[in-house]
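Here are the chains, one letter per residue:
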Amino acid sequence: MQDQTFGDDFRTQLDLLMRLRRDVRRFRTDPVDEAVLARCLDAFSMAPSVGLSEPWRILRINSETARAAALKNFTTANDQALNGYSGDQAETYSRLKLTGMQEAPVQLAIYCDDGTAKGHGLGAGIMPEMRRYSVVAAVTLFWLNLRAHGLGLGWVSIIDPKQLAHDLDVPSDWRLIGYFCIGTPEAISDTPELEREGWEHRHASLPIETR
Ligand SMILES: Cc1cc2nc3c(=O)[nH]c(=O)nc-3n(C[C@H](O)[C@H](O)[C@H](O)COP(=O)(O)O)c2cc1C
């Protein structure tokens with residue numbers, strides 16, 4: 001393949017894409033075009049992975065039963081999380097919308113196969129967690145690709161992985177990376193929703209230490 005150089009216009013667009021990525025929790029309910037979704041999922045085939053292990057495993061959650069189990073799991077975990085806060089923080093937490101599971105047209109549970117033989121263990125011997133980091137890196141590409149196609153992704157981690165593995169009948173070597181809601185966002189802002197709701201702020205500058 002010919003070496004490709006990227007111009008200023010592309011860099012401006014890429015910057016905009018990253019700036020407007022957003023974690024999305026409010027979706028329109030209309031279906032996602034399957035061809036567009038497939039194109040976005042192609043990001044996984046381009047993603048980096050330790051030893052080229054490609055340890056991602058994707059479960060598409062379609063059935064009403066599986067969706068109801070996942071939503072119940074979230075609701076229980078979220079109630080528990082709320083109990084861990086008090087005062088103003090508890091009040092703010094209770095107002096946050098932390099999942100789009102009620103309405104997102106596409107829902108995926110993404111796992112890392114910690115037992116994969118692919119990659120022959122290269123790079124994961126001392127730090128096997130590198131396989132999970134590989135899945136996170138792939139999800140990030142997928143996230144940006146969705147956004148480039150006018151779609152949004154919401155990452156749900158407030159979930160009991162053991163219960164979810166039981167409900168979805170997941171192989172024992174798989175570890176949950178996240179439950180992902182996908183669809184057309186109701187709106188897109190240049191500011192994270194948690195910042196708009198007064199929960200937390202982005203750093204004003206990038207903290208880099210030197211040694
Ligand atoms: C590993 C990971 C787990 C997350 N889990 C949740 C979650 O359970 N619920 C939620 O509303 N947002 C979740 N988020 C989204 C973050 O809250 C969000 O990325 C952050 O507030 C910055 O907002 P932005 O993604 O729109 O820039 C998660 C993000 C990451 C990377």
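As shown above, the structure is provided for reference.
Notes on the structure in this doc start here. (Residues numbered from 1 in each chain as written. Predicted model: local features only at pLDDT ≥ 70, side-chain atom pairs only at ≥ 80, totals over all residues. Heavy atoms only, no water.)

**Focus on the site of the ligand**
Note the cut-off: A molecule or strand has a residue near it when one of that residue's heavy atoms lies within 4 Å. We call two N or O atoms a polar contact when they sit within 3.5 Å, provided that within protein one can donate a hydrogen and the other can accept it, with sequence-adjacent residues counted only if both atoms are side-chain atoms. Using the Shrake-Rupley algorithm and a 1.4 Å probe, accessible areas are obtained, with residue cover drawn only from the displayed protein chains. Classification used: nonpolar for Ala, Val, Leu, Ile, Met, Phe, Trp, Tyr, Cys and Pro, charged for Asp, Glu, Lys and Arg, polar for all others including Gly.
In the region of the ligand, the neighbouring residues are Arg21, Arg22, Asp23, Arg25, Leu98, Trp155, Val156, Ser157, Ile158, Pro192, Leu194 and Arg202. Taking Arg25, its side chain carries an N or O atom lying 2.6 Å from an oxygen atom of the ligand. Backbone polar atom of Trp155 to a nitrogen atom of the ligand: 3.1 Å apart, as the coordinates give it. A total of 610 Å² of accessible area belongs to the ligand in isolation, and the protein chains cover 75% of it. Class assignment of the residues belonging to the shell around the ligand gives a composition of six nonpolar, one polar and five charged.

**A look at unusual backbone geometry**
Test applied: By the criteria applied, helices consist of DSSP H or I runs no shorter than four residues and strands consist of E runs no shorter than two, each listed in order from the N terminus. Burial here depends on accessible area, computed with a 1.4 Å probe over protein chains only, as a share of the maximum for the residue type. Under 20% is buried, over 50% is exposed, and the range in between is partly exposed.
Despite not being glycine, His120 has its phi angle at roughly 50 degrees, a positive value. Topologically, His120 is positioned in the loop between strand S2 (106–113) and helix H6 (130–148). Under the relative-accessibility criterion, His120 is labelled exposed at 78%. In this model, Asp169 sits at a positive phi of 55 degrees, which is unusual for a non-glycine residue. Structurally, Asp169 can be placed in the loop between helix H7 (161–168) and strand S4 (174–183).

**Quick word on the pairing of S2**
Condition: Whether two strands pair comes down to DSSP finding at least two bridges between them.
Counting buried positions over the eight residues of S2 gives eight, a clear majority of the element. Here S2 shows a buried face lined by Val106, Leu108, Ile110 and Cys112 and a second buried face lined by Gln107, Ala109, Tyr111 and Asp113. The pairing of strand S1 (residues 56–60) with S2 spans five bridges and is antiparallel. Pairing of Trp56 across the sheet is with Cys112, part of S2. Examined bridge by bridge, S2 and S4 share eight bridges and lie antiparallel to one another. Directly across from Gln107, in S4, lies its bridge partner Cys181.

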